[in-house]
Structure formats: structure tokens, C-alpha cells
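Spelled out from the first residue to the last, the chains are:
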Amino acid sequence: MRRIHKLAFVSALVLANPLISTMVLAGSDLSKAISGEYKSYLEPLFVHFHANPELSLVENQTAARMAKELRAAGFEVTEGVGGTGVVAMLKNGDGPLVSMRADMDGLPVEEKTGLPYASKAMQEDPITGNQVPVMHACGHDVHITSLVGTARYMQANKDQWSGTLMLIVQPAEERVIGAKMMMEDNLYKRFGTPDFGLAFHVTSGIEAGKIGVTDGSPYAGADTVDIVIHGVGAHGASPHAGKDPIVLGAQIVMALQTLVARELPPRDPGVVTVGSFHSGTKHNIISDRAVLQLTVRNTSLETRKILLDGIQRIAVNMGRVAGLPDDKLPEVTISNESVPPTINDAKLAQRLRAVWSDKMGKSVLSEKPNKGMGAEDYPFFTTDPYIPSVYFAIGGTPEADFAAAAAGGPPVPSHHSPLFKITPEPAVTAGVEATVLALMDLMAK
């Protein structure tokens, strides 16, 4: 491991900034320093965040605590960016501007992990107005705790890097709208456009402390699509007198299956799922309207265009096949909650993979394939304008839990499950260490 602190520098730093002295005194080795910081400072912070989650759009207390922590770490902090978002800036001479993003919202899930610090929080859902239980069922508590650890380390070691560090505390990722809200609040016009972007997500699917780096797309694009089908109502005994939107809807559903099967190259992943089909009120009434609700997943902008264009083409032209006039053709709407795929910059991913392997050991890189088609709103920060970025994974489940599951024991709970839990120390410390190493490489003097 690389030696980082010298005794004289440590002594001077402790005198100048006692806030971070516990971290610096923890050891001369990066991993040991971060481990000491976890035990002395980050562990109670993680417990606080886990026990006090907040829903998307109303992360008020979480945002305030993050602003307080980042100010105390020596950053210039702006609150209320895109709602409850927080931006912290640290300028340290000439060099690149690099962003690191952490999302902070929880989910309307009742925690059933049995952890001593399990959430018992209740909150009013800002969308429905209902009182609901809240849980960090996706590990965002790990993300924001690690961001604080990263901030404190980078401030403590300003002599080793040069440039500007932008820390983004993002709201409403679970509703995939928070990143867009921050961008619409002129994030880059106000704070500068990053030369590089970083983010990570803790995952229960990888051994605790390991790093997963996906070539290409670690998270799929996800589009929420509604198709409104207009028909002509009639008696069920006289179908010739109407235009049946249920029959037309069924034809559209079946025709949509050809998009992935016959229009995508066999090695290009894509999903078109019709999750809801609603029409009609009674057995013997032909309705005059039907609604289909779709989710569409993809891992490249090219695939996304093929699928969305194809849905529009199929829906409209199946309406023409049914003999509908132009003013009654099916209407296709793409929701504002849609997101493009997250795509890692190939050269940057290769560069950081080499850094992590060299500094943390080759075994730190997970070899488990990424098989999911989950979605993220992080690409709103990196797609337009294009910013070379890497979104990596940090493992959070002990190897013993995987072994027990393979032997017939309890399965490892998935994200968004009421049983979801992360072993915090290896996850938080690996998140800090991987981020610090990446930043030190990108902003090396």
C-alpha cells in the first residue's frame, strides 16, 4: 500500500484542524486511516442516517445534516439546489473539476431487518399525502456517509492533489427525478461543468468491500410509456357497430414483442414489458378506451431509440390497421420520470480499474457479472453535456452470507426489500477508499 502521511505533516495538520485529527492519526496507510475514521467518526454518522431516512423530495433533515458535515469539513456549501439538493465545492489550485455524487433519499418500506438501529421512521408521502414507514432499503445511507468520509480526507490531504472537487448530494433518486431537478436548477452554470464524474452504488450482490466496474452500461435506461387507445363503444352483442379498443390493445401488445425479438441485434439487451392493461366496465359493453402502461429498458442510446420509435410506429399503425381515423389513432406518451442508460466511459473505467487494482490489490475487483436491468438517474449529470464518468459498485454483503445462502440458508435480501441490509464498515470504508484513490489519480499534482 502507498505511504501517504509524514509525521511532520500530520502534526501540523492536527494543530491546524483538530476536526479531522482522528482520521489523520489513525495511521500512515490510507486503508488504516479510513478504518480509524470509520470507528471514530463515520460509524455513528451512518447509524444516524440509517435510523432517520426521509422520502424523495422531502429529505430536509438529511440535506441539512449533510450541509453541516460538509461545511465542517472545509467545503463551500450551497443548499436548496434542485429542491433539497446540496452542492459542496473545494477549490485547491489549478487542475480539473471532478464531481462525486451521492444520493440521499429513502423508500416507503417498513424495515424488518431486526438491526438495533433499524428505522422506525414515519413520514407523509409528498405525492399521496399518506403516512408511510420509511427505510434506507437501497443503501443511500452508505453513499452519503462515504461522501462525508471522502470530503474529510480530501480536505486533510490538500497537499497531494490539485483542482476543484464538487460533491453533489442528490435528492429523489428513487423517483429518478432528482438529478434532472438539479440540472434544471443550472447546476453546471452555477458551479462549473466537471471534467470527470464519479458515483457509486452499494450492492448486496457483491462481497462486502469489493468493487464492481462494468464496461459499458452498469445501469439500464428506463422509460415509462403510456399508450391510450381510442375506440368506438358499442353493445357486446353488436361488435360490428363499434371499434373495440381491447382487441386493438391485444394486437399492440403482441406486436410489441417483435421489437426485441426481431429488431434488436441478438447481443443487444432490451426489455419491453406491458405491466398494465385497463379497459371496460361490464361484460356486455365494448369500451371506447383502453390504456396500456409499459416499462422499457435498454443499455445504449441507440437501442433506446429503436425501442421508443418502434413503440410509436406499432401503436399508431395498428390503429390504422383497425380502421381508426387519424383523430382517433393511439397516443403514445413517454413519462418525465424516464431516464437514459448509465454508460461508463471506457477509457476512464480502464484507468480507474487499474488504479484500484494497483492500490487496493487485484482481489478487490469483483468478477460477478452485472445481470440486472435496474435504472438510475445519474446519467442526467453526464449525458448532455457529455462528461467522462464511471459509476461503480461497492459490495455490502459478507462472503459468509453468500455461502450460507448457497448451502440452503436464507437468501441474501435484494434492494428495496424490508430485509435489505448492508454490513456498513467494509462498505463505507471501501467506498471512501475507492473514491479517494480515483480522485487522487484524476487530480494528481
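Bear in mind the structure is a predicted one, so any value in this text is a computation, not a measurement.

S.K.: Any chance you could explain the overall build of the protein here in plain terms?
M.R.: On a plain count of helices and strands, the protein comes out with twelve helices and 15 strands. Over its C-alpha atoms the protein spans a radius of gyration of 25 Å, differing by no more than 12% from the 22 Å that the globule rule assigns to 445 residues. Each principal axis of the C-alpha atoms in the protein carries an extent, and together these give about 90 × 45 × 45 Å. Going through the 445 residues of the protein one by one, you find that 53% of them count as buried. Summarising the internal contacts of the protein: among those between residues at least 6 apart in sequence, 81% fall at separations of at least 24. Accessible surface, the protein: about 19,400 Å² in total, of which carbon and sulfur atoms supply 54%. Treating the 39 positive side-chain charges of the protein as one cloud and the 47 negative ones as another, the clouds have centres 4 Å apart.

S.K.: Can you walk me through the pattern of salt bridges in this structure?
M.R.: Two side chains that carry opposite charge are able to pair once their charged atoms sit near each other. Summed over the entire model, instances satisfying the criterion amount to 15 salt bridges. Close ionic contact of Glu 79 with Arg 71 constitutes a salt bridge, the shortest N to O distance being 3.0 Å. For Glu 79, a relative accessible area of 41% corresponds to the partly exposed category. On the basis of relative accessibility, which here comes to 40%, the residue Arg 71 falls in the partly exposed class. The salt bridge involving Arg 351 is made with Asp 441; its shortest N-O contact spans 2.6 Å. One end of the pair, Arg 351, is in helix α10 (residues 346-360); the other, Asp 441, is in helix α12 (residues 424-442), with 90 residues separating them in the sequence.

S.K.: It is not clear to me how the packing of aromatic side chains should be interpreted in this structure. Could you clarify?
M.R.: To describe a pair of aromatic rings, you give the distance between the ring centres and the angle between the ring planes. A full pass over the atoms with the stated rule returns six aromatic pairs. Grouped by ring-pair contacts, the aromatic residues Tyr 219, Tyr 378, Phe 381 and Tyr 391 constitute a single cluster. A cation over an aromatic ring shows up here: Arg 152 above the ring of Tyr 41, its NZ or CZ 3.6 Å from the ring centre. The lysine or arginine in question, Lys 368, covers the ring of Phe 402, its NZ or CZ lying 3.6 Å from the ring centre.

S.K.: Just to check I follow, could you spell out the side chain of Asp 125 for this structure?
M.R.: Following the sequence through the fold, Asp 125 ends up in the loop between β4 (122-124) and β5 (131-133). No salt bridge forms around the buried Asp 125; measuring N to O, its nearest opposite-charge neighbour Arg 175 is 6.0 Å away. Among the polar contacts listed, one links the side chain of Asp 125 to the backbone nitrogen of Ile 127, at a separation of 2.7 Å. The contact partners of Asp 125, leaving out residues within four places of it in the chain, are Leu 55, Asn 130 and Val 132.

S.K.: I tried to follow the nonpolar core on my own but got confused; where do I start?
M.R.: Considering soluble globular proteins, one finds that nonpolar side chains tend to be buried as a cluster. Judged by nonpolar contacts, the single largest core of 72 residues is most densely connected at Phe 75, Leu 167, Leu 198, Ile 211 and Trp 356. When residues in this core are grouped by element, the largest group, eleven residues, is from α12. With near-sequence residues (within four places) excluded, Ile 211 lies in contact with Trp 356, Met 360, Val 364, Leu 365, Ser 366, Phe 392, Ala 393, Ile 394 and Ala 434. Core analysis: the second largest hydrophobic core is formed by 24 residues, Leu 256, Ile 314, Val 316 and Met 318 among them.

S.K.: Hey, could you run me through the sheet that holds strand β9 (residues 221-230) in this one?
M.R.: Adjacent strands of a sheet form backbone hydrogen bonds with each other and so pair up, either parallel or antiparallel. Taken together, four strands build an open sheet; the order of strands is β11-β13-β9-β14 and the sheet is antiparallel. Edge positions in the sheet fall to β11 (270-279) and β14 (331-334), since each has one partner strand and no second. Pairs of neighbouring strands in the sheet enclose a mean axial angle of 20 degrees, with direction left out of account. Against the sheet, helix α8 (residues 245-263) touches β9, β11 and β13 (289-298), its axis set at about 175 degrees to β11. On the sheet, helix α9 (residues 301-321) packs against β9, β11, β13 and β14 and is oriented at approximately 165 degrees with respect to β13.

S.K.: Please clarify how α10 should be interpreted in this entry.
M.R.: Residue pairs spaced three or four apart in an α-helix point in one direction, given the helix's 3.6 residues per turn. In a regular helix each residue adds 1.5 Å, so 15 residues correspond to 21 Å; α10 covers 21 Å between its end C-alpha atoms and thus fits that length. Among all positions of α10, only Leu 348, Ala 349, Leu 352, Val 355, Trp 356, Ser 357 and Met 360 are buried. The elements touched by buried residues of α10 are β7 (196-207), β8 (211-212), β15 (389-397) and α12. Of the residues flanking the start of α10, the one acting as N-cap is Asp 345, its side-chain oxygen 3.4 Å from the backbone nitrogen of Lys 347. Looking at the residues trailing α10, positive phi occurs at Gly 361, about 100 degrees.

S.K.: I'm lost on the sheet that holds strand β2 (residues 85-92) in this one. Help?
M.R.: Spatial strand order, β1-β2-β6-β3-β7-β15-β8: seven strands in an open sheet with mixed pairing. In the strand order of this sheet, the two ends are held by β1 (76-81) and β8, each with one partner. By the bridge criterion, five bridges tie β1 to β2 in an arrangement that is antiparallel. Within β2, the residue paired with Thr 78 across the bridge is Val 87.

S.K.: Honestly, α9 in this entry has me stumped. Any pointers?
M.R.: With 21 residues, α9 extends 30 Å from end C-alpha to end C-alpha; this agrees with the ideal 30 Å at 1.5 Å per step. Three or more residues of α9 are buried, namely Thr 303, Leu 307, Leu 308, Gly 310, Ile 311, Ile 314, Ala 315, Val 316, Met 318 and Gly 319. One or two steps after α9, the chain reaches Gly 323, where phi turns positive at roughly 85 degrees.

S.K.: What's the story with the packing of α8 against α9 in this structure? I'm lost.
M.R.: Describing two packed helices takes the angle between their axes plus the distance from one axis to the other. For the pair α8 and α9, the least separation of the axes is 9 Å and the interaxial angle reads 145 degrees. The handedness of the crossing between α8 and α9 is right-handed. Here α8 contributes Leu 248, Gln 251, Ile 252, Ala 255, Leu 256, Thr 258, Leu 259, Val 260 and Glu 263 to the contact with α9, which in turn contributes Ile 306, Leu 307, Gly 310, Ile 311, Arg 313, Ile 314, Ala 315, Met 318 and Gly 319. A class-by-class count of the residues in the contact of α8 with α9 yields twelve nonpolar, four polar and two charged.

S.K.: Please clarify how unusual backbone geometry should be interpreted in this entry.
M.R.: For residues besides glycine, phi is generally negative; the peptide bonds are generally trans as well. Residues Asp 384 and Pro 385 are joined by a peptide bond in cis, for which omega reads 10 degrees. With respect to the helices and strands, Pro 385 occurs in the loop between α10 and β15. Located in the positive-phi region is Ala 172, a residue other than glycine, with phi close to 55 degrees. When you line up the elements, Ala 172 lands in the loop between β6 (163-170) and α6 (178-184). Here Val 176, not a glycine, exhibits a phi torsion of approximately 45 degrees, which is positive.

Criteria and cut-off values
Residues numbered from 1 in each chain as written. Predicted model: local features only at pLDDT ≥ 70, side-chain atom pairs only at ≥ 80, totals over all residues. Heavy atoms only, no water. Helix = DSSP H or I, 4+ residues; strand = E, 2+ residues; numbered from the N terminus. Rg over C-alpha atoms; globule rule 2.2 N^0.38 Å. Buried < 20%, exposed > 50% of the residue type's maximum accessible area, 1.4 Å probe, protein only. Contact = heavy atoms within 4.5 Å. Areas by Shrake-Rupley, 256 points an atom, 1.4 Å probe, with all protein chains shown as cover. Lys, Arg positive; Asp, Glu negative; His and termini not counted. Charge placed at Lys NZ, Arg CZ, Asp CG, Glu CD. Salt bridge = Lys/Arg side-chain N within 4 Å of Asp/Glu carboxyl O. Phe/Tyr/Trp six-rings, centres within 6.5 Å; stacked < 30°, edge-to-face > 60°. Lys NZ or Arg CZ within 6 Å of the ring centre and 35° of its normal. Polar contact = N/O pair within 3.5 Å; in protein donor to acceptor, adjacent residues only side chain to side chain. Core = buried A, V, L, I, M, F, W, Y, C linked by side-chain atoms within 4.5 Å. Pairing = 2+ DSSP bridges. Axes fitted to C-alpha atoms, helices over the stretch in contact; angles between N-to-C directions. Expected span 1.5 Å × (residues − 1). Left-handed = near helix turned anticlockwise from the far one by under 90°. Nonpolar A, V, L, I, M, F, W, Y, C, P; charged D, E, K, R; others polar.

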